Amino acid sequence: MMLLEAIELRHVRMQLQSPFETSFGVERERDCIIVRLQSEGLAGWGECAASYYPGYSYETIGTAWHVLSEFLIPAVLGQRVSDVDDLAALLAPFKGHNLARAGLEMALWDLIGKAEKKPLARLLGGQRRSVPVGVSVGIQPDEESLIKVVEDYVREGYRRVKLKIKPGRDLVELQAVRRVFPDLKLQVDANSAYSLQDKPVFVAMDSLDLLLIEQPLADDDLIDHSGLQKALKTALCLDESILSVRHARQAIEIDACRVINIKAGRVGGLAEALRIHELCNERGVPVWCGGMLETGIGRAANLALASLPGFTLPGDISASDRYYAEDIAEPRFELNPDSTIDVPDDPGLGVTVVEDALDDVTLRKGAFLAQSD
Ligand code: OSB
Ligand code: MG
C-alpha cells in the first residue's frame, strides 16, 4: 500500500524543433501538464498530453488542469493504493477527460516501478528491448519541401514515415513521395478531416501500397469508417475514435478499422491500453503505439508500452532530437541504425527528470497536499 501524500502539477511549454502542421492546425510549441506524485519518500512522474487548444481532442491544458485540481486530485490525495486499479476505482465517479486521468495514472505507474525496482516495460508485460519506430511528418509548405523533409528523416535512419494529410493536400503529394521512395513503409494520418463524400480520394490512395490510412473521418463516426473500409484494400486505422476497449471491440466487430493506434492518454491510461492490446491480440488486429509529441517523460511510457508483443507495426516514437533541442528528462532517446529505439530499463519510467530544465519551461505550478489529521 502506498499513501498518496502530495501532487504537483506544472503547465510546461516546450519549443518544437520545427512547426508541426496537421489538418487541425499548426503547433510551433508543445504544451502539456507534468504531474509529480509523492509517496513515502518516492516521486513518480506523469505527463498529461492535452494541448493548449482543442484541436486533436476536446481536452485542453485548461480543462485538464481544472478536472485534475478540482476532482481527480482531491479524490486520490490522502488515499492508500496498492495498484492502478485502486486509482481507477477512486476516479470512477468522474466522466471523460481521459488525457487528464492518464497523466495521473502514469505518475502512479512510475511510482510503483520505483517502489518495486522494476522497469515499466516489465510491469506491463513487455518483451522487446528495443522497438521499431517511425516518424510523423507534418504538412509542409509545398511538395518540394515535403520530399526534402522525408529525405532527411530517411537519411537519419527512419524506415517508416507517416504523412499528415488534409483535403487538398493529399493525393498529389503522396504520389510524389511514393515515386521518390518506392520501398519506404508509408502511411497517412488525416486527423478526421474528411467525410464519406471524399471516398474517391481514398480509393485513389489504395494503389500506393500504404501500411494504413489513419483516422480519415470524424472521431465519433464508426459507421462511416466501416462504409469506407469496405471500399478499400488498405487497412483503415483508428486513433481519435477509440477511447476505450469497448470502442475498440465495436470498431473491430463492424469492420470500421483493421488496425488500431493505441495511445495511453487517449484511452485514459496504460491499464486501458493493455486491455485494448489484449483484445486486438485475440482478434488478430495489429496495433502500434501512437504519439503526442511527448517530452522524454511521456515518450518513456510509450516505449514501454510498445515493447508488448502485439505492437507489430512501427510506433510514432521518434528520437528526442526530432522534437526538442532540450528535454526535461534524461537520457535522451536516440535512433538505432535499424530504426528502433531502446526501451528504458531502469525502474519505473526509467528516466530522470532534470529539475532545472523543467523549471525553465514551467509556466504555472500547482501544489496539492493531503490533509493531515
Ligand atoms: O494524430 O497521431 C496523431 C501529434 C499530436 C497529436 C496527434 C497526433 C500526433 C502525431 C505525432 O502524429 C506523433 C509523435 O509524437 O511523433
Ligand atoms: Mg493520429
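Residues numbered from 1 in each chain as written. Chains lettered and ligands numbered in written order. Predicted model: local features only at pLDDT ≥ 70, side-chain atom pairs only at ≥ 80, totals over all residues. Heavy atoms only, no water.

## Quick look at the coordination of the magnesium ion (ligand 2)
Where a metal carries four tetrahedral donors, each ideal angle is 109.5 degrees; where it carries six octahedral donors, the ideal angles are 90 or 180 degrees. For the magnesium ion (ligand 2), the protein coordination sphere consists of Asp189 (OD), Glu214 (OE) and Asp239 (OD), at 2.1 to 2.3 Å. Mapped onto the sequence, the donors of the magnesium ion (ligand 2) take the spacing D-x24-E-x24-D. Highlighted residues: Asp189 in strand S9 (residues 185–189) and Asp239 in the loop between strand S11 (236–238) and helix H9 (245–253), separated in sequence by 50 residues. Residue Asp189 is classed as buried on the basis of its relative accessible area of 0%. Residue classification places Asp239 among the buried residues on the basis of a relative accessible area of 0%. (Donors = N, O, S within 2.8 Å, 3.2 Å for Na, K, Ca; no water. Helix = DSSP H or I, 4+ residues; strand = E, 2+ residues; numbered from the N terminus. Buried < 20%, exposed > 50% of the residue type's maximum accessible area, 1.4 Å probe, protein only.)

## Some thoughts on the domain arrangement of the protein chain
With domains assigned, the protein chain is organised as domain 1 (2–117 + 354–369) and domain 2 (122–342). The straight-line distance from the C-alpha centre of domain 1 to that of domain 2 is 23 Å. Contacts between the two partners involve 33 residues from domain 1, matched on the other side by 42 residues from domain 2. In total, about 3100 Å² of surface goes out of reach between domain 1 and domain 2, with carbon and sulfur atoms giving 65% of it. (Domains from an automatic or database assignment. Contact = heavy atoms within 4.5 Å. Buried area = accessible area lost by both parts, 1.4 Å probe.)

## Here's the deal with helix H2 (residues 84–91)
Where H2 is concerned, the buried positions are Val84, Leu87 and Leu91. Axial view of H2: buried residues confined to an arc of 55°, hence all on one face. Residues of H2 that are buried sit in contact with helix H1 (61–76), strand S5 (80–81), helix H3 (98–116) and helix H10 (270–283). With a side-chain oxygen lying 3.2 Å from the backbone nitrogen of Asp85, the N-terminal cap of H2 falls on Asp83. (Arc of directions from axis to C-beta. Polar contact = N/O pair within 3.5 Å; in protein donor to acceptor, adjacent residues only side chain to side chain.)

## Thoughts on the nonpolar core
Core analysis: the largest hydrophobic core is formed by 122 residues, its most contacted members being Leu108, Leu163 and Met205. At 9 residues, H3 tops the list of elements feeding residues into this core. Split by domain, the residues of this core number at least three in each of domain 1 (2–117 + 354–369) and domain 2 (122–342). In this structure Leu108 touches Met2, Leu4, Leu37, Val81, Asp83, Val84 and Leu87, once residues within four positions along its chain are discounted. (Core = buried A, V, L, I, M, F, W, Y, C linked by side-chain atoms within 4.5 Å.)

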